[in-house]
Structures are given as structure tokens and as C-alpha cells.
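Descriptive structure summary
Take a look at the letters that make up each chain.
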Amino acid sequence: MSKSKKKKASKIQSKLIKYIWICVIPFIFLLGFAIVRLYGYYQDYDQLVRNITGANEYSVDFKNDMDEVMYRIIIGNANWTDAEEKLEDDDPKALISDARKHFQKLKENANEENVVSDLTALIKLLGILDERVDDILANVEEGGHYDENMEMLDMNIRTLTSLIQTDIQTYIYDEATNMENLRKKVADSLLLTIRIIVILFIVMIIVIYILSHRLSKRITKPVEELVEVTEKFAGGDFSVSYHTDSNDEMKTLAESFNTMVKEIETLVEDIHKEQENLKDAELRLLQEQINPHFLYNTLDAILWMTEAGENQKAIQIIQELSRFFRISLSKGQSEITISNEREHVKSYLEIQRYRYQDILDYEIDFDEGILEYHIQKLTLQPIVENALYHGIKNKRGKGMIRVLGKEENDSIVFSIIDDGIGMKTEELERLRSLIAGHITDDDQSGYGMANVEKRLEMLYGEEYGMSVESEYGEGTKVLVRIPKT
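About the criteria used
Each chain carries its own residue numbering, running from 1 in the direction its sequence is written. In keeping with the predicted nature of the model, local features appear solely for residues at pLDDT of at least 70, side-chain atom pairs appear and are counted solely at 80 or more, and the whole-chain, interface and lining totals rest on all residues. Hydrogen atoms and water are omitted, and side-chain values are computed over all heavy atoms in the structure. Each axis is a line fitted through C-alpha atoms, taken for helices only over the stretch in contact, and angles between the N-to-C directions span 0 to 180 degrees. The helix and strand labels rest on DSSP assignments: H or I over at least four residues marks a helix, E over at least two residues marks a strand, and numbering proceeds from the N terminus. An angle below 35 degrees is treated as roughly parallel, one above 145 as roughly antiparallel, one from 65 to 115 as roughly perpendicular, and anything else as oblique. Two helices that cross are described as forming a left-handed crossing if the nearer one is turned anticlockwise from the farther one by less than a right angle, and a right-handed crossing if clockwise. Note on contacts: a residue pair qualifies if any of its non-hydrogen atoms lie within 4.5 Å across the two residues. Here the term charged refers only to Asp, Glu, Lys and Arg, the term nonpolar to Ala, Val, Leu, Ile, Met, Phe, Trp, Tyr, Cys and Pro, and the term polar to all other amino acids, Gly among them. Here, the term nonpolar core denotes a set of buried Ala, Val, Leu, Ile, Met, Phe, Trp, Tyr and Cys residues that are joined through side-chain atoms within 4.5 Å. For the exposure calls, accessible area comes from a 1.4 Å probe over protein chains only, and a residue counts as buried if that area is under 20% of its type's maximum, exposed if over 50%, partly exposed in between. Any two strands between which DSSP finds at least two bridges are classified as paired. A helix's residues, less one, multiplied by 1.5 Å, set its expected span. Pairing of aromatic side chains here covers Phe, Tyr and the six-membered ring of Trp, requires ring centres within 6.5 Å, and sorts the geometry by plane angle: under 30 degrees stacked, over 60 edge-to-face, intermediate tilted. To sit over a ring, a charge needs its Lys NZ or Arg CZ within 6 Å of the ring centre and within 35 degrees of the ring normal.

Right, let's talk about the packing of helix α10 (residues 338-355) against helix α11 (residues 381-392) for a bit. Two elements in contact, α10 and α11, have axes whose closest approach is 10 Å; the angle formed by their N-to-C orientations is 25 degrees. As summarised for this structure, α10 and α11 are arranged roughly parallel, according to the angle between their axes. α10 and α11 meet at a crossing whose hand is right-handed. Of the residues in α11, those in contact with Glu341, His344, Val345, Tyr348, Leu349, Gln352 and Arg355 of α10 are Gln381, Val384, Glu385, Leu388 and Tyr389. When its residues are assigned to classes, the contact of α10 with α11 shows 6 nonpolar, 3 polar and 3 charged.

Judged by nonpolar contacts, the single largest core of 68 residues is most densely connected at Phe257, Met260, Leu321, Ile401, Phe414, Ile416 and Val480. Sequence-distant contacts of Ile401, that is, excluding residues within four places in its chain, are made with Leu349, Leu360, Asp361, Tyr362, Glu363, Val384, Ala387, Leu388, Ile392, Ile417 and Asp418. Residues Ile52, Phe62, Met66 and Leu129 belong to the second largest nonpolar core, which totals 38 residues.

Between helix α12 (residues 425-436) and helix α13 (residues 447-460), the shortest axis-to-axis distance is 8 Å and the interhelical angle comes to 40 degrees. Classified by the angle their axes make, α12 and α13 are oblique. Read as a crossing pair, α12 and α13 show a hand that is right-handed. Residue-level inspection shows Leu431, Leu434 and Ile435 of α12 in contact with α13, the latter providing Tyr447, Met449, Ala450 and Glu453. Counted by class, the contact of α12 with α13 contains 6 nonpolar, no polar and 1 charged residues.

Turning our eyes to something else, we now look at the sheet that holds strand β7 (residues 475-483). The strand order across the open sheet formed by 5 strands is β2-β4-β5-β7-β6, and the pairing between neighbours is mixed. One side of each edge strand has no neighbouring strand; the edge strands of this open sheet are β2 (360-366) and β6 (465-471). Averaged over all adjacent pairs, the angle separating strand axes in this sheet is 10 degrees, with direction ignored. Both β6 and β7 contribute to a ladder of 7 bridges, which runs antiparallel.

Attention now moves to helix α4 (residues 113-142). Over its 30 residues, α4 extends 44 Å from the first C-alpha to the last, a length consistent with the 44 Å expected when each residue adds 1.5 Å. Directly beyond the C-terminal end of α4, a positive phi value near 95 degrees is found at Gly143.

Here we take up the packing of aromatic side chains. All chains considered together, the criterion is met by 5 aromatic pairs. When the ring of Phe366 is compared with that of Phe414, the centres are 5.5 Å apart and the planes differ by 55 degrees; the resulting orientation is tilted. In this pair, Phe366 is assigned in strand β2 and Phe414 in strand β5 (residues 411-418), connecting sequence segments 48 residues apart. Each member of the pair, Phe366 together with Phe414, is buried. Taken together, the ring pairs connect Phe324, Phe325 and Tyr348 into an aromatic cluster. Positioned over the ring face of Tyr472 is Lys424, at 5.2 Å from the centre of the ring.

Next comes the structure, spelled out in C-alpha cells:
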């Protein structure tokens, strides 16, 4: 049973979560799309910066380094012929090889036609430069040819390095142009993304409004209908029934309400057939059991909570109300376990704490050994209700109701203690006389307790029942004694 309750209890909550995700998921997709797109632009932009930075280093240094090392080799200042003494910085072939690898890699990663053309011409010039360098190095290794090498340095090497430098600058210019185009593209994309976000935000606001209105209506409409039916029921119309198409807590509440109404109608018919003295007591018991005003006020509180957007609280109070009526009905049984009676009192107090949260605290403490014994249902709840309405509510400030249960020899004793306003001596005596059946009074206060006492006396004998102690300004204590059954 507990598992099915948990499953049912989650349905309104799952609807709320579903509607929230409907609103959130589009924003997640949009954010992911924007991040991926901007990250792609960032990578392209970063690559362009790296390309320009690397090429710029060759534009500044390559011509000067190449011309200088070739001049030093020709005049003999750089040792080219002796491999052991040759320095790494004096290797023109290495300079050309590094430059060729660098620009070849740029060409492989390039997409724009003008950039590919620039790099193709640049690599070709490096190849020609490599051949002219080989000619001079061959002359140096052979020896002599100084004038010829100087002429080749002026006519070939320096000319080619100037052309290479020019092509590098052309490549840098084209890449800078591509960077500017990319900047414009990113700006346009960013503006488009902002427009999409604004449009989607407006659409989602409209969708959220529609969904929230729809969800609120789906929650409040069944409650309003049930309140209307309950008002008729409170007026004495036992032929009413309530049906809903929803498959959540409201369906459970509707089924409990309809079952309750049918059982009440049956009980009322049976009551009219019994003896006159039992008829009045049972009718009052029935009124205490159902308490349509309690149900109406609770449903009204649920309606206020849903209208105020406190849907989670509304779900919890519906669960407690459903549990309260399940135990109240108990499939028509007059006896229930003390464990169920404890849950019944707890559900009642939990519902009332939602309504009177500023003034009500409670504590329930039963010995584990008594929980499986039986008790007449609705023995403790009317006493707790009396403690709330005639004790706590009449006190200034917050009050506490304590419900205790323990074994005493062959009996079970319950204590209902409140620190409410208490009773004056004449009020206490009137209540004791009312409970004992010595007086009748038009005042309805205390009739629930009188009915409990009458039932206990009829079922268990005069040695069982209740006693009341109270002091004005201090509070009230009610003891209920029943046999172990």
C-alpha cells in the first residue's frame, strides 16, 4: 500500500517537473548551439592569429638571416666545409627547410583560394632559393669562385629573399583581410543569435504563461468542483457524488469522498432504525467522524495554496487529507489498530498545522508495544480537536498538543495534553457533567468528547473511559483508558 501511495503522490509533482523541463530544454539547446558556434569561430580566429604571427616572424627575420649567413659563408667567416666546426646558425639549408615546412603546413590548413595561391608561390620561391644556395655552396666547397659567388649573392639570393619577403607580406595581408571578414561574420552571427534568444524568450514567456494557467486550472478546477459538492453535502444532501477525469491525488480524494458519502448515507439510515437513545449519540458520532466543515475548510486552504503557487504544500495537504479519510472509513470497520489511530490523529494535526502554522505544534509518542492492539476508531481525534479549538486557539501565542500512549497493567492509557487557555472551575465541572451524561447543553463544545465517553462505556464498561483535568491559564489534560484487545 505504501508503494502505491508514493506512486500516486508523485503525479501532480511529476506534472510540475514536466512543465518546467518543457520550458528549460529549449534554452539548453539554444545555449549549446550558441556555445558550439562561437567556439568554432574562436578556433578559426585563433588559427588566423597564429598564422599571421608565425608568418610575421619570417617576414622580419628570414631575409636578413639568409642574406647574412650566405655572405659569411662566401667570405669564409662561417665555416661551411668542416662539418665538426660548422655551427647550426650558419646552415642556410636548415633555414630554407624550416621555412618551407612552416608554409607548407599553412597551405595544407588553408581554405581560401587567395591564401593558397600566396603560399604556393612562396613555397616555389623557397625551392628556387634552395637551388641557388646549392650552387653557391658547391662553389665554396670547390674553393675559389669568390667573385662569381658574390655576384650570385647579389643577383640571385638577395633578389629571391626580397621576393620571398614580399610574398610573406602579401600572405599576411590576405590573412588579415580574412580575419576582418571573420570578425564581421562573428558579429553578424552574434546579432542573429541575440535575436533568436530574444524571440525564443518572448515565445517561452507566452508558453510558460499558457502552461502555468493550464496547470493551475487543472489543479484548482477539481478542487473548486469538490468544494461545491462538499458545500451541498454540508447542507445535508447525501445524494451528492464527485467524479474527475484526472488520475492523481484528486481521483483518490474523490473516491474517498464518494465512499464516505455512501457510508454516511447507509449509517444515517441504520441510525434511524436503532433505539432513540443510541440514535442521537450515533448521529453526533457521524457528524464528528465526517466533519464536513473541516473538509470544506481544508479544501479551501488547498485552493488558496494552488492559487498562490504553493503547489508542493497543496500536494502534501491533499496526501494527508486522503490518508485521513482512508482511516476514517476503514472499509466500514468500527475497530482499527492503535497504529492506524495514531496515523489518523497525525494526519488531522498535520492538516491543521498547515492552517494554523503560526499557533500550533504537536508531538505524538506511543509505546511500540501497544501499536498492534485494537481501539474504536475516532476515539482520540475528537479529543485532539477539542484541545485545538477550545484550548490552543483561545490562547495568545503558539501552543503545543502532546498525544501519548502507554501500557498500564491490563490497560492502555492515552494522554492528550495541551498548554492552551485551560478551563475555569465552573467550565471544567460543566464539561465533566456533560461527559458523564448528567446534563445536556445547546453549546456544541464538548459533545465530541461526550460521544467518545459514551461509546467507551457501552463497549468496555464503566471502569474504562476518560477523565479531564484543567487549570485556567495553564492547559488541559485528558486521560483515556481502554482494555488491551
